[in-house]
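Now for the letters of each chain:
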Amino acid sequence: MAAKTLYNPILFFLRVLLRRLTYTVYSPHRKTTTTTHIINPSKQQKHPWKEKLVNRTVVFDVEAALLRSSSSENNTFFHYFMVVALEGGGFMRGLVLLLLYPLVCCLNEEVGLKVMVMVSFFGLRREGFRVGRSVLPKHLMEDVGLEGFEMLRKGKRRVGVSCLPEVMVGAFLREYMEVEVVVGRKLKVVGGFFVGLMEEEEMVDGGGGDGAVGVGSSGRSLPHHLLSLSKEIYLVSESEKKNWHPLPKERQPKPVIFHDGRIAFKPTPRATLFMFLWLPFGLFLALFRALVFLYLPYKLAVPLLGFSGMKARIKCELPPHATTTTTSGTTGQLFVCNHRTLLDPLYISAAVERPMTAVTYSLSRLSELMSPIRTIRLTRNRDEDGRRMEAMLRVGDLVVCPEGTTCREPFLLRFSPLFAELGGGDGDRGVVPFAIHSEVGMFYGTTASGLKCLDPLFYLMNPGPCYVGKALDRVPTAGRDRVEVANRVQRAIGEALGYQCTMLTRRDKYLTLAGNEGYV
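None of these values were measured; they are calculated from a predicted model.

Taken together, the side chains of Phe 288, Leu 296, Leu 300 and Leu 304 present a nonpolar region at the surface, about 300 Å² in accessible area. Its location among the elements puts Leu 304 in helix α14 (residues 298-307). Judged by relative accessible area, Leu 304 falls into the partly exposed class, the value being 34%.

Here it is in structure tokens:
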């Protein structure tokens, strides 16, 4: 009896050890047992094994073979789940995840992953979950390694295997990395809501066939999907991954032009802790800045705002403001700028030291009430909007953002040509392009799917927000095609800022980020 009691644990240990030392996996999609041969590329010179990926189906471990993360510890994935917690669930959920971070670090990878999934996803509505499509792609793109990307691009067909939930990485891999098949963890849903649990992993057929080649890392355990879909597996060593470089923007298959969310930094544990410590002081500072904006003249407001940490470098050399009325009845000057935040017109007004009217498309009622300058809301009816803008020009200066919506990245959306029909007539004043660039370090002051009334608050909560701008040479409009004028102004602003001009519109942005056409 004693011998039997001693024998059972030894037999169990031998079985576990055997499974660890062999990579033989039975797949229900195959008729026979397949043995996977693993070759460590660190023992080969100049990695000739990479040429074996050419025109083959490449099955790769996303975290190990594409992203620059250098270990399999839970803190490697923490900032992705923090993005989900903050953007999908709010600050309180993010705080709970941060408080549990020490516990997550003490757990093994699988258990720690389950804890982060539970905190980040529990209670979120599946139908309205867009963080994986609108927020995470920017963070994932910043983590892509150039060397891993070039290696995987050699394959004819790519199958991405991830230990993260598919709703977090699927959209990024398909839309931005051109991965044909994504194999990720599935989340359980009850009544249309995530319950924070992952489904049991099931064998899938990625269509790789027996000739598929797998790519993983020697620093983490291999996902069983990678083993089941691959005939051969090659490992990238940890020392090699430490030398990987970020993927340059010019090499990206599709640049991340549109992204949503409030967080403007990589939410690592340390950075997230600093954000929560800053929040109380940031709210007080935002209130102080707002009161200065609203109630003090520019000559007093500018130095006070500078003292509070707000920076502005705007070069503005304009001829004296004309006071005579032309035969067209126009007395004001039309300013045209690209759109970065709701505060663009305020900075331009302060730079030229003139009161002016701002044209808006979807400004919240609260922002309109709090605006220190006059605003007019457009109706998206071309004739009516033209009449409103002409009426405003008869009484003073007008600033227009023809992109119709904000863009955070160095791209310019298509300029609506409506503004080009104004400012002409006798003594044509044309339009004055204004190139604007804004920088924030903690919070974005724009949103597509969140509460727009909080946009100014989040911008003013940044420790040191900065605006850089420049007034460009006046562009005549009389007797010129309105589309030609709009394109010329867009090119001028793009060249001044080093931005790339696109034909994307407000509709494209909101369809990507919010699933609607942007009508508020």
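Attention now goes to the pattern of salt bridges. Inspection of every chain in the model, using the stated rule, returns 17 salt bridges. Among the ionic pairs, Glu 232 bridges to Arg 56, the shortest N-O distance being 4.0 Å. With Glu 232 in strand β10 (residues 232-236) and Arg 56 in the loop between β3 (37-39) and β4 (57-61), this residue pair connects regions lying 176 residues apart in the sequence. Overall, the relative accessible area of 26% leaves Arg 56 in the partly exposed class. Two residues, Arg 158 and Glu 180, come together in a salt bridge whose shortest N-O distance is 3.8 Å. One end of the pair, Arg 158, is in strand β5 (residues 157-165); the other, Glu 180, is in the loop between α10 (166-175) and β6 (181-185), with 22 residues separating them in the sequence. A relative accessible area of 9% means that Arg 158 is categorised as buried. A single network of salt bridges, built from pairs that share partners, joins Lys 138, Glu 142, Lys 249 and Glu 409.

This part is about empty space enclosed by the protein. A full pass over the atoms with the stated rule returns three cavities of 30 Å³ or more. Its volume calculated, the largest cavity comes out at about 70 Å³. If you go around the largest cavity, the residues you meet are Ile 257, Phe 258, His 259, Asp 260, Thr 406, Cys 407, Arg 408, Thr 446, Thr 447, Ala 448, Lys 509 and Leu 513. Of the residues belonging to the lining of the largest cavity, the class tally is five nonpolar, four polar and three charged. Space inside the second largest cavity adds up to approximately 60 Å³. If you trace the second largest cavity, you find it lined by Phe 60, Leu 66, Phe 149, Leu 152, Arg 153, Arg 158, Met 177 and Val 179. Looking at the lining of the second largest cavity, its residues break down into six nonpolar, no polar and two charged.

Glancing now at the sheet that holds strand β17 (residues 431-439). Two strands in a sheet stick together by hydrogen bonds in their backbones, pointing the same way (parallel) or opposite ways (antiparallel). Taken in spatial order, the seven strands of this open sheet run β11-β18-β17-β12-β15-β13-β14, and their pairing is mixed. Of all strands in the sheet, those bounded by a partner on one side alone are β11 (311-315) and β14 (374-377). Neighbour to neighbour, the strand axes of the sheet diverge by 25° on average, direction disregarded. Bridge count between β11 and strand β18 (residues 466-471): five bridges; the pairing is parallel. Bridge pairing in β18 places Lys 315 opposite Lys 470. Sheet contacts for helix α19 (residues 482-497): β12 (334-337) and β17; angle to β17, the most-contacted strand, approximately 40°.

About the cut-offs
- Residues numbered from 1 in each chain as written.
- Predicted model: local features only at pLDDT ≥ 70, side-chain atom pairs only at ≥ 80, totals over all residues.
- Heavy atoms only, no water.
- Patch = residues over 30% accessible without salt bridge, like charges linked within 9 Å, V, L, I, M, F, W, Y side chains within 5 Å.
- Areas by Shrake-Rupley, 256 points an atom, 1.4 Å probe, with all protein chains shown as cover.
- Salt bridge = Lys/Arg side-chain N within 4 Å of Asp/Glu carboxyl O.
- Helix = DSSP H or I, 4+ residues; strand = E, 2+ residues; numbered from the N terminus.
- Buried < 20%, exposed > 50% of the residue type's maximum accessible area, 1.4 Å probe, protein only.
- 1 Å grid on protein atoms, 1.4 Å probe; cavity = no way out; pocket = protein on both sides within 12 Å on 5 of 7 lines; lining within 4 Å.
- Points joined across faces, edges and corners; volume = space filled by probe spheres on them.
- Nonpolar A, V, L, I, M, F, W, Y, C, P; charged D, E, K, R; others polar.
- Pairing = 2+ DSSP bridges.
- Axes fitted to C-alpha atoms, helices over the stretch in contact; angles between N-to-C directions.
- Contact = heavy atoms within 4.5 Å.

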